[in-house]
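The residues making up each chain are set out below.
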Amino acid sequence: MKKKVARICWNNKGWITPSGNDDDCKSKDKKSFEVNPGYGHEEWLCDFTKLIDGFKYSFIQGVNTKKQAYQGLDFHLTLYTVLKGKKLAIGYIKCAECLTRNEAEYAASIYERNGWFDKMSDDLTMIDANGSKVKEDDALLNFNIRFKPKDFIPYKPYIDISTLYNNHRYILLNEVPDKKINKQETDSECSMSHDLMELCSDNLSKTETLQLVNARIGQGVFRDRVTKLWNGEKCAVTLIDIKEILIASHIRPWRDCKNSSDRLDGANGLLLCAHIDKLFDQHLLSFELKNKTHRLRISKTLDKKSLSSLGIDEGIELNTNNFDRESYSRFETYMNEHFNYFLKMEV
């Protein structure tokens, strides 16, 4: 998959809703869309309350060409904005699918039916912008990419890439490899930060929000349910029972969970030592169902001798004796998903 870089307009609301120009950081160029009409469609990039078949449909100006040349292509897309003369990378989309016209028109029809264009218009009214034409005559001017929310990884903090790119236009550029960006891409803390920000923006009660925040960091109700199901507070791999270094790890990743029930389901978890949790979260190890048992598989990219010294050996069997039939069925579903993704990573 080709790696591209694209500019998006500045936004001080996390690209969840348009921010207007009150913060004095938007473009002052009268020819810029940031002045007229006063917003860009990418300002809703991270509004994940409006999904279609699990995808976020959005707009990136760099994908918008006169001949719509990128239709049907997929890109690893790094996004940057310009703030006070500096080019700042704000995150990346692992797989941005460039839409065909039919796909864009389908998304527009769903937005129309659900009243989401009206909601976007209300967002613009709140910043004194004209929202009467938020629905474009050409659907490809509303939507030209789609991606899974879990595939958007924000950078915290943003990364200054001013020296890497001279061009500041809203076009797709070929990515220039950069050590700082590569480091951020492997930092799972970015993913957690985004999940927590998204969670706190949901319309949930304080009690439910607290439960889910704790669940995201492997604590609270979720941890209690995992502990009960696994018959004690000990690492599923090493059997170490030092609770201070144990984390309740989600098997089906947080962002792939369909609802709060999945996120708080004890069958969707394992108690793991912190270093094992890190490897499990990145699908560098998983558990294969073989002869009715789940046994540890380790990525071929890891040094197995080094892991063995930490008590992590290929073939370690999970003890699921405490599971009832229904819980085991859910666990098996979650773990099969995790292992199948592990296999894809090995290719």
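Residues numbered from 1 in each chain as written. Predicted model: local features only at pLDDT ≥ 70, side-chain atom pairs only at ≥ 80, totals over all residues. Heavy atoms only, no water.

## What about empty space enclosed by the protein?
- Evaluated as defined, the whole model comprises two cavities of 30 Å³ or more.
- Empty space within the largest cavity amounts to approximately 60 Å³.
- Residue lining of the largest cavity: His41, Trp44, Lys56, Tyr57, Ser58, Phe59, Tyr111, Met120, Asn142 and Phe143, and that is the complete set.
- In terms of residue count, the dominant contributor to the lining of the largest cavity is strand E2 (residues 56-58) (three residues).
- Considering only residue class, the lining of the largest cavity consists of six nonpolar, three polar and one charged. (1 Å grid on protein atoms, 1.4 Å probe; cavity = no way out; pocket = protein on both sides within 12 Å on 5 of 7 lines; lining within 4 Å. Points joined across faces, edges and corners; volume = space filled by probe spheres on them. Helix = DSSP H or I, 4+ residues; strand = E, 2+ residues; numbered from the N terminus. Nonpolar A, V, L, I, M, F, W, Y, C, P; charged D, E, K, R; others polar.)

## A word on helix H8 (residues 274-281)
- Among all positions of H8, only Ile276, Asp277, Leu279 and Phe280 are buried. Seen end-on, H8 carries its buried residues on one side only, within an arc spanning 165°.
- On its buried side, H8 packs onto strand E8 (246-250), strand E9 (269-273), strand E10 (285-290), helix H9 (304-308) and helix H10 (325-346). (Buried < 20%, exposed > 50% of the residue type's maximum accessible area, 1.4 Å probe, protein only. Arc of directions from axis to C-beta. Contact = heavy atoms within 4.5 Å.)

## A short note on the pattern of salt bridges
- Following the criterion strictly, the structure yields 14 salt bridges and no others.
- We note a salt bridge from Glu97 to Arg146, for which the minimum N-O separation is 2.8 Å. Residue Glu97 is found in strand E4 (residues 86-98), and its partner Arg146 is found in strand E5 (residues 145-147); the two are separated by 49 residues along the sequence.
- Salt bridges here are not isolated pairs; linked through shared partners, they connect Arg252, Asp262 and Glu337. (Salt bridge = Lys/Arg side-chain N within 4 Å of Asp/Glu carboxyl O.)

## Examining a nonpolar patch on the surface
- Nonpolar side chains collect at one region of the surface, where Ile240, Ile242 and Ile245 lie side by side and expose about 220 Å² of accessible area between them.
- Structurally, Ile240 is set in the loop between helix H6 (220-229) and E8. (Patch = residues over 30% accessible without salt bridge, like charges linked within 9 Å, V, L, I, M, F, W, Y side chains within 5 Å. Areas by Shrake-Rupley, 256 points an atom, 1.4 Å probe, with all protein chains shown as cover.)

Coordinates in, geometry out; function isn't part of it.
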